[in-house]
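# A look at the structure
So the chains spell out like this:
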2 protein chains.
Amino acid sequence: LLSKQPAKGTKLPVYGGEVGPVWAYPDYQLDCVVADPKKGSKMYGLKSYIEYQVTPTTTNKPVNHRYKHFDWLYERLLDKFGSAIPIPCLPDKQVTGRFEEEFIKMRMERLQGWMSRMCRHPVISSSEVFQLFISYKDEKDWKTGKRKAEKDETVGVMIFSTIEPEGLPDLDLIEVEQKCEQFNRFTRAMDDGVKDLLTVGNEHWKRCTGPLPKEYQRIGKAFQNLSSVFTSSGYEGEAALTDALTAAGKTYEDIAQMVAEQPKKDLHFLMETNNEYKGLLGCFPDTIGVHKAAIEKVKEADKLVATSKITPSEKTTMSKRASTMSYALQAEMNHFHSNRIYDYNRVMQQYLEQQVKFYEMIAEKLRHAHSQFTTM
Amino acid sequence: LLSKQPAKGTKLPVYGGEVGPVWAYPDYQLDCVVADPKKGSKMYGLKSYIEYQVTPTTTNKPVNHRYKHFDWLYERLLDKFGSAIPIPCLPDKQVTGRFEEEFIKMRMERLQGWMSRMCRHPVISSSEVFQLFISYKDEKDWKTGKRKAEKDETVGVMIFSTIEPEGLPDLDLIEVEQKCEQFNRFTRAMDDGVKDLLTVGNEHWKRCTGPLPKEYQRIGKAFQNLSSVFTSSGYEGEAALTDALTAAGKTYEDIAQMVAEQPKKDLHFLMETNNEYKGLLGCFPDTIGVHKAAIEKVKEADKLVATSKITPSEKTTMSKRASTMSYALQAEMNHFHSNRIYDYNRVMQQYLEQQVKFYEMIAEKLRHAHSQFTTM
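Residues numbered from 1 in each chain as written. Chains lettered and ligands numbered in written order. Predicted model: local features only at pLDDT ≥ 70, side-chain atom pairs only at ≥ 80, totals over all residues. Heavy atoms only, no water.

### A word on the environment of A:Gly249
Residues and elements named next belong to chain A. Locating Gly249 in the fold gives a position in helix H8 (residues 239–265). Separated by 74 residues in the primary sequence, Gly249 and Ser323 place their C-alpha atoms 69 Å from one another. Among all residues touching Gly249, those that are not within four sequence positions of it are Gly220, Phe223 and Gln224. (Helix = DSSP H or I, 4+ residues; strand = E, 2+ residues; numbered from the N terminus. Contact = heavy atoms within 4.5 Å.)

So, in structure tokens, the structure goes:
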């Protein structure tokens, strides 16, 4: 808390917004499209890898990155901003099956989610290292930028020294502590809620892709089986019923397939969003830990002043820095909340929309099956 | 096969219809309404029982019957017609819980099904004993009729001697045997098909009333839980999302209940119909057994003529009677087939109609839940 301010570097202002302290948001919302995974190779084909095309909506000029570049960016962001801003983990590293289409598609989708989230963060997206990653000019530019980023000394808790609350009064320690406790409680509760939803979602996924379609298939088969028994009756005027019964059976087989394929169309996105949030929420205990440690330090400051280990003016500086840290945490929480509301609103809409379509399609199929029967 | 013809009694004609040999069908289709179960008592309240009101559509005059009266009728019909016509069992006797509402309702529904089936049968519905049951004038009439019916001597295989094929040529033994084999194969195959559908239906019922609604409930709870965590955020502008999320959660709880209640609305009737057919099909092996025995007897006739145990003219009579039996079986099978087509057509329509409504209602509920979210 008494470390020197870095000589230069970008200042990170915190403003008083409508919802409380907020980061400085850019006028234009950056986003990136991660697409077009291509197999590349190095060392005369000895080493092969997958390269993704990353296209920022600002320049519309694509750059290529391997997973390990994303990982490099993640490490830089974690070093530089991790004390103040939760940096969500990248999608898992995987050794086997790296070149399988399904895996590449899934990883790309998750890298896209991660990049979009980073783009949406005003502090991260405007940072030099992030800008380098999405818009380096050529290989030389990238190499130079990489070296520079790796030498960046504003890492760890240093980040707080670059944060500048603009026109906001210093907070007293009680308020700092209360805010910290509030965020701690909320993120823990949300972590539980998200994990619960993931558990329920996973079970639902298993049922939808396992026993449920099997059951609809068996119903379908039972109808068709009965229909073919009826066909063997030798009784005249049987065809109208048996045709309709066969069609009904096939309809339930179709429904079985629809049920099995549905989770990919709706539950998948709900699960992905919640998985992202689970990752994000997993970063908060560290961020909050940094704050709690700072609060404890300020609490000890009185003693240190009494034993002349620090001067009263140094104590004031410590208290002021704790206030700055709290503004940073509040700005981050407000950023988190607004994104959360946006994300959950969107994913729930998408989920319910697909669910409606799903049930409507089943009803439509059954209505058609129903119409095949003769009204007597 | 050589027993004497009964001196008098109703003759049962078999005609050549469009689909083959058929019973004589009445112009007016009889039906009965079984309703209004009432608790009655006897011996100064020492014995209590449930009495059902049976109202034939012909007279529209209700008569009262206890389960044991139905059972008496069943025994009479079985004695009299059982060799030629499969008489389906009554719904199970039950000792405990006889007076519980649910049980009474279920028994009434099944007695209704049984009565309707008996009414639809031209031979049974026009029989003296059946007419007595549905339209006795008073207690004395009932008692007298009962005694008379119990003394009826035209029972067992005697019924065949009352059957008269009208304008139909005698069938040779090969044809008789082929028909019998065909019906045997069909009823066995249908028995398997019906049992298969019942097994599948039972499992589906269990899933729909057990794990499936529990899962929807858990999904609903998870949404509502997340919503209440969100409410605790302290962030402004949270209400739109949390209200919608709570509503979505409640919708899934509603769906859980709908899922659990649905089988009673559709699967129930499909199961009841198949249970009825399972019962009916269970009677065929006996009916077919009687025919097979007769066929064997005719086959032995040549030997008996050779050893002078019967005369050639007696052999001709035996052969003629086997032909009559085959006509009776064919008429019965044609009756069975036409009823089966009617029943399955109706129950499948009903099932699918309710299924359509069910899925439409879910879609509608989800559409409403979807509309609660803000489009950003």
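Right, picking up where we left off after that structure.
### Description of the pattern of salt bridges
Applying the stated criterion to the full structure yields 46 salt bridges over all chains. Here B:Arg120 makes a salt bridge to B:Asp343, at a shortest N to O gap of 2.6 Å. Taken together, the positions of B:Arg120 in helix H2 (residues 101–120) and B:Asp343 in helix H10 (residues 312–371) put the pair 223 residues apart, joining distant regions of the chain. For the pair B:Arg120 and B:Asp343, one class covers both residues: buried. Among the charged side chains, a network of salt bridges with common partners joins A:Arg117, A:Arg120, A:Glu276, A:Asp343 and A:Arg346. (Salt bridge = Lys/Arg side-chain N within 4 Å of Asp/Glu carboxyl O. Buried < 20%, exposed > 50% of the residue type's maximum accessible area, 1.4 Å probe, protein only.)

### Observations regarding the environment of A:Val194
The topology assignment puts A:Val194 in helix H6 (residues 173–209). When the C-alpha positions of A:Val194 and A:Glu276 are compared, they lie 9.9 Å apart, and in sequence the two are 82 residues distant. Those residues within four positions of A:Val194 in sequence are excluded, and the remaining contacts are A:Asn274, A:Tyr277, A:Lys278, A:Leu281, A:Tyr344 and B:Leu226.

### Thoughts on the interface of chain A and chain B
Taken together, the contact pairs 67 residues of chain A with 67 residues of chain B. Considering only the side of chain A, the residues that lose the most area to chain B are A:Glu215, A:Tyr235 and A:Tyr359, jointly responsible for 11% of the buried surface there. For the pair chain A and chain B, the number of links is eight salt bridges. B:Glu238 is paired through a salt bridge with A:Arg340; the nearest N and O atoms lie 2.7 Å apart. Our count for the chain A to chain B interface comes out at 22 residue pairs in polar contact (both at pLDDT 80 or more). For the side of chain A that touches chain B, the secondary-structure elements that each account for two or more residues are H6, helix H7 (211–231), H8, helix H9 (267–306) and helix H10 (312–371) of chain A. Class assignment for the residues of the side of chain A that touches chain B results in 36 nonpolar, 19 polar and twelve charged. (Buried area = accessible area lost by both parts, 1.4 Å probe. Polar contact = N/O pair within 3.5 Å; in protein donor to acceptor, adjacent residues only side chain to side chain. Nonpolar A, V, L, I, M, F, W, Y, C, P; charged D, E, K, R; others polar.)

### Describing the sheet that holds strand S2 (residues 20–23) of chain A
All names here are of chain A. In space, the three strands of this open sheet follow the order S2-S1-S6, with mixed pairing throughout. Across the chains shown, the open sheet's two edge strands, defined by having one partner strand only, are S2 and strand S6 (163–165). Strand-to-strand twist of the sheet, defined as the mean angle between neighbouring strand axes without regard to direction, takes the value 35 degrees. Note that strand S1 (residues 12–17) and S6 share three bridges and pair parallel. Among the inter-strand pairings, Leu12 is bridged to a residue of S6, identified as Ile163. (Pairing = 2+ DSSP bridges. Axes fitted to C-alpha atoms, helices over the stretch in contact; angles between N-to-C directions.)

### Looking at helix H5 (residues 139–151) of chain B
All names here are of chain B. Its 13 residues place the ends of H5 19 Å apart at the C-alpha level, agreeing with the 18 Å of an ideal helix rising 1.5 Å per residue. Among the residues of H5, Trp142, Gly145 and Ala149 are the ones counted as buried. Angularly, the buried residues of H5 cover 70 degrees about the axis, an arc narrow enough to put them on a single face. The outward face of H5, more than 90 degrees from its buried face, is lined by the exposed residues Lys140, Lys148 and Lys151. (Expected span 1.5 Å × (residues − 1). Arc of directions from axis to C-beta.)

### Some thoughts on the domain arrangement of chain A
All names here are of chain A. For chain A, the domain assignment lists domain 1 (30–140) and domain 2 (191–233 + 242–376). Relative to domain 2, the C-alpha centre of domain 1 lies at a distance of 24 Å. Contacts between the two partners involve 15 residues from domain 1, matched on the other side by 15 residues from domain 2. Taking both partners together, domain 1 and domain 2 bury about 1400 Å²; carbon and sulfur atoms supply 49% of that area. Together, Pro86, Arg117 and Arg120 form the three largest contributors to the area buried by domain 1 at its contact with domain 2, with a combined 44%. Viewed at the interface, domain 2 and domain 1 are joined by four salt bridges. Here Glu276 ties to Arg117 by a salt bridge, and the two come within 2.6 Å at their closest N and O atoms. Counting across the domain 1 and domain 2 interface gives seven residue pairs in polar contact (both at pLDDT 80 or more). Residue composition of the side of domain 1 that touches domain 2, by class: seven nonpolar, four polar and four charged. (Domains from an automatic or database assignment.)

### Overview of unusual backbone geometry
Excluding glycine, a negative phi dihedral is what most residues carry, and trans is how most peptide bonds are arranged. All names here are of chain A. Positive phi is not limited to glycine here, since Asp36 has a value of about 50 degrees. Take Asp36: it is sitting in strand S3 (residues 32–42). Judged by relative accessible area, Asp36 falls into the partly exposed class, the value being 37%.

### Quick look at the sheet that holds strand S2 (residues 20–23) of chain B
Residue and element names in this part refer to chain B. The strand order across the open sheet formed by three strands is S2-S1-S6, and the pairing between neighbours is mixed. This sheet does not close on itself; its edge strands, each paired only once, are S2 and strand S6 (163–165). Across the sheet, the axes of successive neighbouring strands diverge by a mean angle of 35 degrees, strand direction being ignored. Each of strand S1 (12–17), S2 and S6 touches H10; the most contacted strand, S2, lies at about 80 degrees to it.

### A few points about the relation of the copies chain A and chain B
You can overlay chain A on chain B at an RMSD of 0.1 Å; the transform is a turn of 180 degrees with a shift of 0.0 Å along its axis. With respect to symmetry, the two chain copies, as superposed, fit the operation of a two-fold axis. No C-alpha of chain A approaches the rotation axis more nearly than that of A:Tyr359, which lies at 2.8 Å. (Least-squares fit on C-alpha atoms with pLDDT ≥ 70 in both.)

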